[in-house]
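Tertiary structure, described
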Amino acid sequence: MCAINDHPLYLQLTQCLQTVRRITNFQPEIGVVLGSGLGGFAQSMEIETAVSYADLPNFPVSTVDGHQGRFLFGYVQGIPVVAMQGRVHYYEGYDVQQTAMPIRLIGLLGAKSLLLTNAAGGINTQFRPGDMMVITDQIGVFVPSPLRGPNIEPLGPRFPDMSQIYDRSLRQTILQQGDKLGISLRQGVYVQFPGPAFETPQEIKMARILGADAVGMSTACEAIAARHMGMRVAGISLITNMAAGILDQPLSHTEVNETAAQAEPVFCRLLSHALTACARQSM
Ligand code: HPA
């Protein structure tokens, strides 16, 4: 077994960090991952520098429509933020450790908290497309752990606690911001499936029995990687469609993108307020 500082992933991460640091010495307070169709949030930022994933050595790049691949460094209402415009997914063929690389880089850049967003299918039959759900907890066991393999000690412990993976006070803060803006928010459990096929109706029934309210193909492994490093994590799912088998109609990526595009203005408004309020709480 290699010494931990020779861990190939850690070496790659430190090389990426050095590359970013040659471009900018921006110090983010908080990170945000912009999910499907939410890349327009960039317009709410006063951008200082953008760094393409393609310019970072050994860094995974997004291959999905609607996902650009770059970090944006800039300010939202005066708060220094790093935003991921486009993420990488397990289903793209990367292993799960690689999908967590951008998250770990955000941690190494100094962000104390992370707000994850995603497009998700509604499992809870009370939900409607266009709803926004503050994630209270997650089920991530259908994809491998991003922490699998030798533990990278400088990042965090071998057996990290996940009992408050989504930080309670950040959740409260987001709910308060929703209240203040008159945006009603749902709360619930997110389950990650591997994709890329949408789930079958029976898989959705299973997930409902397990207690899931929304399903997606990204966030759970990112939340684990962030929490491992001690970042405070919050998450908001935009319900873009009802999950398989709930309505008598097929699911499509087009539907996901269309609902996301429609909801984008409201979602962006919530996001800027949530982001700055969450960052202020950790400062
Ligand atoms: N399933 C999985 N991922 C998704 C869905 C869904 O129904 N909608 C948006 N992302």
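A look at the state of the cysteines
Taken as a whole and judged by the stated rule, the model has zero disulfides. Not engaged in a disulfide, the cysteine Cys278 finds its nearest cysteine sulfur in Cys268; these two sulfurs lie 16 Å apart. For Cys278, a relative accessible area of 1% translates into the label buried.

Thoughts on the pairing of strand β3 (residues 70-76)
In terms of burial, β3 is largely enclosed, as five of its seven residues are buried. Judged from the six bridges that link them, strand β2 (residues 46-52) and β3 form a sheet pairing that is antiparallel. Looking across to β3, one finds that Glu46 is bridged to Tyr75. Bridge count for β3 against strand β4 (residues 79-85) is seven bridges, and the pairing is antiparallel. Pairing of Leu72 across the sheet is with Ala83, part of β4.

Some words on the environment of Gly74
Following the sequence through the fold, Gly74 ends up in strand β3. Each C-alpha atom, one on Gly74 and one on Ala50, is 8.7 Å from the other, the two residues being 24 residues apart in sequence. If we ignore the near neighbours within four places in the chain, the residues touching Gly74 are Phe26, Met45, Glu46, Ile47, Glu48, Ile79, Pro80 and Val81.

Some points on the site of the ligand
All residues in the neighbourhood of the ligand are listed as Ala119, Ala120, Gly121, Phe198, Glu199, Val215, Gly216, Met217, Thr240, Asn241, Leu251 and Val256. Here Ala119 contributes a backbone N or O atom positioned 3.3 Å from a nitrogen atom of the ligand. In the model, a nitrogen atom of the ligand is placed 2.8 Å from a nitrogen or oxygen of the Glu199 side chain. For the shell around the ligand, the elements supplying multiple residues, two or more each, are β5 (113-122), β8 (214-216) and β9 (232-242). Classifying every residue of the shell around the ligand gives seven nonpolar, four polar and one charged.

Some words on the nonpolar core
The biggest cluster of nonpolar side chains holds 46 residues, and the ones touching the most others in it are Phe71, Ile103 and Leu105. Those elements that place two or more of their residues in this core are α1 (8-23), β3, β4, α3 (101-108), β5, β6 (132-139), α6 (219-228) and β9. Residues in contact with Leu105, not counting those within four places in the same chain, are Leu13, Cys16, Leu17, Val20, Leu56, Phe59 and Phe71. In terms of nonpolar packing, the next biggest core, distinct from the first, is built from 34 residues, Val32, Leu34, Leu115 and Ile174 among them.

Focus on the packing of helix α4 (residues 168-181) against helix α7 (residues 253-282)
Helix-helix packing: each pair is described by the crossing angle between the helix axes and the interaxial distance. One way to put it is that α4 packs onto α7 with a least axis distance of 9 Å and a crossing angle of 140°. In terms of orientation, α4 and α7 fall into the oblique class. Along this stretch, α4 crosses α7, giving a crossing that reads as right-handed. Of α7, the residues touching α4 (which contributes Ser169, Leu170, Thr173, Ile174, Gln177, Gly178, Lys180 and Leu181) are Arg269, Leu270, His273, Ala274, Ala277, Cys278 and Gln281. Grouping the amino acids of the contact of α4 with α7 by side-chain chemistry returns seven nonpolar, six polar and two charged.

So, α6
With nine of its ten residues buried, α6 lies for the most part within the structure. Along α6, the positions that sit buried rather than exposed are Thr219, Ala220, Cys221, Glu222, Ala223, Ile224, Ala225, Ala226 and His228.

A look at unusual backbone geometry
In this model, Gly195 is joined to Pro196 through a cis peptide bond whose omega is -5°. Tracing the backbone shows Pro196 in the loop between β7 (186-192) and α5 (201-209). The backbone of Asn58 shows a phi angle near 60°, a positive value even though the residue is not glycine. Inspection of the secondary structure puts Asn58 in the loop between β2 and β3. Taking the relative accessible area as the measure of exposure, Asn58 reaches 47% and is therefore partly exposed. The backbone phi angle of Gln77 is positive, close to 45°, even though this residue is not glycine. Inspection of the secondary structure assignment puts Gln77 in the loop between β3 and β4.

As for the packing of α1 against α3
Two elements in contact, α1 and α3, have axes separated by 10 Å at closest approach and are oriented at 55°. The orientation of α1 with respect to α3, classified from their angle, is oblique. Between α1 and α3 lies a crossing whose hand is right-handed. Packed against α1, whose contacting residues are Leu9, Gln12, Leu13, Cys16, Leu17 and Val20, the element α3 presents Met101, Arg104, Leu105 and Leu108 at the interface.

Rules of the game
- Residues numbered from 1 in each chain as written.
- Predicted model: local features only at pLDDT ≥ 70, side-chain atom pairs only at ≥ 80, totals over all residues.
- Heavy atoms only, no water.
- Disulfide = S-S within 2.5 Å.
- Buried < 20%, exposed > 50% of the residue type's maximum accessible area, 1.4 Å probe, protein only.
- Helix = DSSP H or I, 4+ residues; strand = E, 2+ residues; numbered from the N terminus.
- Pairing = 2+ DSSP bridges.
- Contact = heavy atoms within 4.5 Å.
- Near = heavy atom within 4 Å.
- Polar contact = N/O pair within 3.5 Å; in protein donor to acceptor, adjacent residues only side chain to side chain.
- Nonpolar A, V, L, I, M, F, W, Y, C, P; charged D, E, K, R; others polar.
- Core = buried A, V, L, I, M, F, W, Y, C linked by side-chain atoms within 4.5 Å.
- Axes fitted to C-alpha atoms, helices over the stretch in contact; angles between N-to-C directions.
- Parallel < 35°, antiparallel > 145°, perpendicular 65-115°, else oblique.
- Left-handed = near helix turned anticlockwise from the far one by under 90°.

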